[in-house]
Amino acid sequence: MALFGKNKKDNAAGAALAEEIVLPKHVGIIMDGNGRWAKNRGLPRKAGHREGAQVFRTITRYASEVGIRYLTVYAFSTENWKRPEDEVGALMGLFKSYLKEALEDFKDDDIVVRFIGEKSGFSPELQKLMTENEESSAYRDGMVLNIAMNYGSRDEIVRAVKSICADVKSGRIGESDISEQLFSDYLYTAGQPDPDLIIRPSGEYRISNFMLWQSAYTEFVIMNKLWPDFTKADFDEALRLYAQRNRRYGGV
Ligand code: FPP
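Thresholds applied
- Residues numbered from 1 in each chain as written.
- Predicted model: local features only at pLDDT ≥ 70, side-chain atom pairs only at ≥ 80, totals over all residues.
- Heavy atoms only, no water.
- Helix = DSSP H or I, 4+ residues; strand = E, 2+ residues; numbered from the N terminus.
- Rg over C-alpha atoms; globule rule 2.2 N^0.38 Å.
- Buried < 20%, exposed > 50% of the residue type's maximum accessible area, 1.4 Å probe, protein only.
- Contact = heavy atoms within 4.5 Å.
- Areas by Shrake-Rupley, 256 points an atom, 1.4 Å probe, with all protein chains shown as cover.
- Lys, Arg positive; Asp, Glu negative; His and termini not counted.
- Charge placed at Lys NZ, Arg CZ, Asp CG, Glu CD.
- Phe/Tyr/Trp six-rings, centres within 6.5 Å; stacked < 30°, edge-to-face > 60°.
- Pairing = 2+ DSSP bridges.
- Right-handed = clockwise from strand over helix to strand, strands pointing away.
- Near = heavy atom within 4 Å.
- Polar contact = N/O pair within 3.5 Å; in protein donor to acceptor, adjacent residues only side chain to side chain.

## Side note on the overall build of the protein chain
Thought 1: Regarding its fold elements, the protein chain presents eight helices and six strands.
Thought 2: Counting helices and strands in the order they occur from the N terminus, the protein chain gives α-β-α-α-β-α-β-α-β-α-α-β-β-α.
Thought 3: Taken over C-alpha atoms, the radius of gyration comes to 18 Å for the protein chain, in line with the 18 Å a tight globule of 252 residues would show.
Thought 4: Referenced to the eigenvectors of the C-alpha coordinate spread, the extents of the protein chain come out at roughly 55 × 45 × 35 Å.
Thought 5: Evaluated residue by residue, the protein chain yields a buried proportion of 50% over its 252 residues.
Thought 6: In the protein chain, of all internal contacts separated by at least 6 residues, the share reaching a separation of at least 24 is 77%.
Thought 7: Split by element, the accessible area of the protein chain, about 12,700 Å² in all, is 50% carbon and sulfur.
Thought 8: For the protein chain, the distance from the average position of its 35 positive side-chain charges to the average position of its 37 negative side-chain charges is 3 Å.

Rendered as structure tokens:
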């Protein structure tokens with residue numbers, strides 16, 4: 001059974017919402033609050049991540065059904081390696097099971113899976129699964145799902161600067177070619193529109209090294225819910241709040 005709808009019309013509620021409000025093309029989600037969710041229940045933090053991974057599946061499918069074109073989820077930052085070994089190990093296990101599941105069970109879905117972040121930080125097995133997921137979904141025409149893993153926006157920017165310097169040095173580009181557009185093309189999100197909306201559950205008012213360059217004109221919705229408690233109705237609410245915003249991009 002296909003987990004993700006073939007198009008937004010597969011889901012009446014999602015399609016109805018798309019007809020009612022102006023949807024963001026690109027949504028980012030900082031999936032925060034797993035640890036607190038577990039702590040509130042006297043459970044180990046990894047139990048929160050397990051629950052969070054289930055919510056990630058539900059919301060990804062729903063975003064695709066609603067008609068979102070690009071969804072970027074922050075799954076593991078360049079700073080998250082500092083967490084206890086047991087917690088990092090549990091997260092790697094969750095990534096592995098999701099990526100295997102996506103390869104084996106989601107063959108008929110239309111989601112394009114992409115990774116943003118430095119793959120080389122992961123085990124050879126995980127790297128292989130990441131590449132296989134990208135390659136096997138590249139031909140699809142549905143929502144692009146960017147999973148940010150070993151991702152840090154400052155790291156992404158430094159890498160872009162180094163690549164630009166190397167290309168100027170080799171003569172591939174000239175210094176005068178450097179522009180905002182060219183810089184964007186050196187980021188992991190090259191070719192994709194900037195996020196229109198970033199949702200952060202768990203009530204924290206922080207960007208946490210997520211899409212710093214890309215979010216120059218992004219609308220933020222902070223929600224007072226921990227990620228494992230986040231529902232489709234919360235996603236709808238964030239979309240409705242976004243639709244009420246008056247985006248001026250520095251103009252009047
Ligand atoms: C932040 O919450 C969450 C993370 C560092 C991990 C997010 C990962 C998932 C939701 C699993 C995703 C799974 C797949 C398959 C992509 P936190 O631990 O910092 O929570 P806290 O602020 O309450 O401690």
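On we go.
## What about the packing of aromatic side chains?
Thought 1: Enumeration over the complete set of coordinates arrives at 14 aromatic pairs.
Thought 2: Measuring from ring centre to ring centre gives 6.1 Å for Tyr 62 and Phe 235, while their planes differ by 75°; the resulting arrangement is edge-to-face. Placement of Tyr 62 in helix H3 (residues 45-66) and of Phe 235 in helix H8 (residues 232-243) is noted, with a sequence separation of 173 residues between them. When sorted by exposure, Tyr 62 lands in the same class as Phe 235, which is buried.
Thought 3: Their ring planes at 25° and their centres at 4.7 Å tell us that Tyr 74 and Phe 210 sit as a pair that is stacked. Taken together, the residues Tyr 74 in strand E2 (residues 70-77) and Phe 210 in the loop between strand E5 (197-200) and strand E6 (219-222) connect sequence positions 136 residues apart.
Thought 4: Among the aromatic residues, those joined into a cluster by ring pairs are Tyr 74, Tyr 151, Tyr 188 and Phe 210.

## A few points about the pairing of strand E4 (residues 144-151)
Thought 1: Most of E4 sits out of view: eight of its eight residues are buried.
Thought 2: In this structure, E2 lies alongside E4, joined through seven bridges in parallel fashion. Looking across to E4, one finds that Tyr 70 is bridged to Val 144.
Thought 3: With five bridges connecting them, strand E3 (residues 112-116) and E4 associate as parallel partners. Residue Ile 116 lies in a different strand from E4, and its bridge partner there is Ala 148.
Thought 4: Crossover handedness for the path E3 to helix H5 (residues 124-137) to E4: left-handed.

## Points about the site of the ligand
Thought 1: Neighbouring the ligand are 18 residues, the closest being Asp 32, Gly 35, Arg 36, Arg 45 and Arg 83.
Thought 2: One nitrogen or oxygen atom from the main chain of Asn 34 is found 3.2 Å from an oxygen atom belonging to the ligand.
Thought 3: A distance of 3.1 Å is found between an oxygen atom of the ligand and a backbone nitrogen or oxygen belonging to Gly 35.
Thought 4: In the complex, the protein chains occlude 91% of the 630 Å² of accessible area that the ligand would expose alone.

Read these as layout, nothing more, since geometry by itself doesn't imply function.
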